[in-house]
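Below, each chain spelled out in residue letters.
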Amino acid sequence: MRAVAIREAGAPDVLQLVEADTPVPKADELLIRVAAAGVNRPDCLQRRGLYPPPPGASELPGLEVAGTVAAIGSEVTSFNTGDRVCALLAGGGYAEYCTVPSIQCLPAPAGLTLLEAAAIPETFFTVWTNVFDLGQLTKGERLLVHGGASGIGTTAIQLGKAMGAEVYATAGNADKVQLCEALGATHAINYHEADFLAALKPLTENQGIDVIFDIVGGSYLEQNIKLLATEGRLVVIGILGGAKGTLNLGLVLSKRLTVTGSTLRARPPEAKGKIAASLREFVWPLLESGTVKPVIQSTFPLEEAARAHELIEANDTAGKLVLVADSALAETTT
């Protein structure tokens, strides 16, 4: 099979198209013929040598795919060969075939192409486990999404809105602000032009935000804590702004705040399977009705994976980037 490998840690040009052995599924796994694979910032971190795959995972990059089931392990009962699926991986998505525990797979949503389905798993799994499981966002609460125009951000805005929250966002330019508001944000702030704390406090009648979903980390910590409402929750999933910041414990105590965070890749299949079950119950109907949709900016053939990485690292994206492994298969739908 064709696959994209990381020749050595470094810049995007260390990604190279190679011939690799087609993997063989274990008893609890599916072998997926990949139509398309999502590109995510953790892939860039892995390429730079900063985010190695968990023990036993493929060394190839790629955390999400969609395609058709090519073979099933002896213990798999939930899928059959030929089924259209999308899957969350621990690695190996930048290839024409990949294996994955069946518990981490979901049927491709009806009405979506496999290209669209490939842009779902990493972002939707991440948003669900952080905003709704850890953040405990409920109907009527206020949600702030930092990096609202990213793949993660566009997903969080839509799901927050669909679940009845009042959603706010930050983004880096006027076009991204417009995208956030088109997807359901009540108000989006260009963080290059305005201080989000000063802008959002009056918009919330000085009550603050109930859940802040943050990819920035340290440089936003102090402002996030000030902006949280009483019993607010800060959920950090990225440290683009550094791993350290100033934490006012007095505000944490007086406002009864929760500060938490998580990573997804190293969790065991059982944990990922629980998230998949929640998505199937609560989110798949929204995808199949068109209420929520993956936002895709650009697609690239496998051999141009480096271009996708360059765009992500330049922060020049609005929505997801997707690699196409099989162009004919990628456009299929039901």
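The coordinates are above.
Computed from a predicted model, the values in this text were never measured in an experiment. (Residues numbered from 1 in each chain as written. Predicted model: local features only at pLDDT ≥ 70, side-chain atom pairs only at ≥ 80, totals over all residues. Heavy atoms only, no water.)

> Explain the packing of aromatic side chains to me, please; I cannot follow it from the model alone.
Geometrically, a pair of aromatic rings is defined through the distance of the ring centres and the angle of the planes. All told, the structure shown has three aromatic pairs when counted by the stated rule. Aromatic side chains Trp-128 and Phe-132 sit 4.6 Å apart centroid to centroid with 25 degrees between the ring planes, which places their arrangement in the stacked category. Of this pair, Trp-128 and Phe-132 both sit in helix H3 (residues 121-134), separated by four residues, roughly a single helical turn. We note that Trp-128, like Phe-132, is buried. Taking 5.6 Å as the distance between ring centres and 10 degrees as the angle between the ring planes, the aromatic pair formed by Trp-128 and Phe-282 counts as stacked. Linking Trp-128 in helix H3 with Phe-282 in helix H9 (residues 269-289), this pair joins segments that are 154 residues apart in sequence. Relative accessible area serves as the criterion here: at 7%, Trp-128 is assigned to the buried category. A connected cluster of aromatic rings, assembled from ring pairs, spans Trp-128, Phe-132 and Phe-282. One residue, Arg-265, lies across the ring of Tyr-51, its end atom 5.1 Å from the ring centre. (Phe/Tyr/Trp six-rings, centres within 6.5 Å; stacked < 30°, edge-to-face > 60°. Helix = DSSP H or I, 4+ residues; strand = E, 2+ residues; numbered from the N terminus. Buried < 20%, exposed > 50% of the residue type's maximum accessible area, 1.4 Å probe, protein only. Lys NZ or Arg CZ within 6 Å of the ring centre and 35° of its normal.)

> Is there a simple way to explain the pattern of salt bridges in this structure?
Applying the stated criterion across every chain yields a total of ten salt bridges. Between Glu-64 and Lys-320 there is a salt bridge; the shortest N-O distance is 2.4 Å. A residue pair is termed long-range when its members are at least 10 positions apart, and Glu-64 in strand S4 (residues 64-72) and Lys-320 in strand S15 (residues 320-324) qualify at 256 residues. Taken individually, Glu-64 and Lys-320 each receive the classification buried, so the pair is uniform in this respect. Overlapping salt bridges bring together Arg-2, Glu-96 and Glu-303 as one network. (Salt bridge = Lys/Arg side-chain N within 4 Å of Asp/Glu carboxyl O.)

> Where do I start with H3 in this structure?
Note on helix geometry: an α-helix contains 3.6 residues per turn, so any two residues three or four positions apart are oriented the same way. Counted at 1.5 Å a residue, the expected span for H3 with its 14 residues is 20 Å, and the 18 Å between its end C-alpha atoms agrees. Taking burial as the measure, the 14 residues of H3 include twelve buried ones, the bulk of the element. Of the positions making up H3, those classed as buried are Pro-121, Glu-122, Thr-123, Phe-124, Phe-125, Thr-126, Val-127, Trp-128, Thr-129, Asn-130, Val-131 and Phe-132. The positive-phi residue at the C-terminal boundary of H3 is Gln-136, with phi of around 55 degrees. (Expected span 1.5 Å × (residues − 1).)

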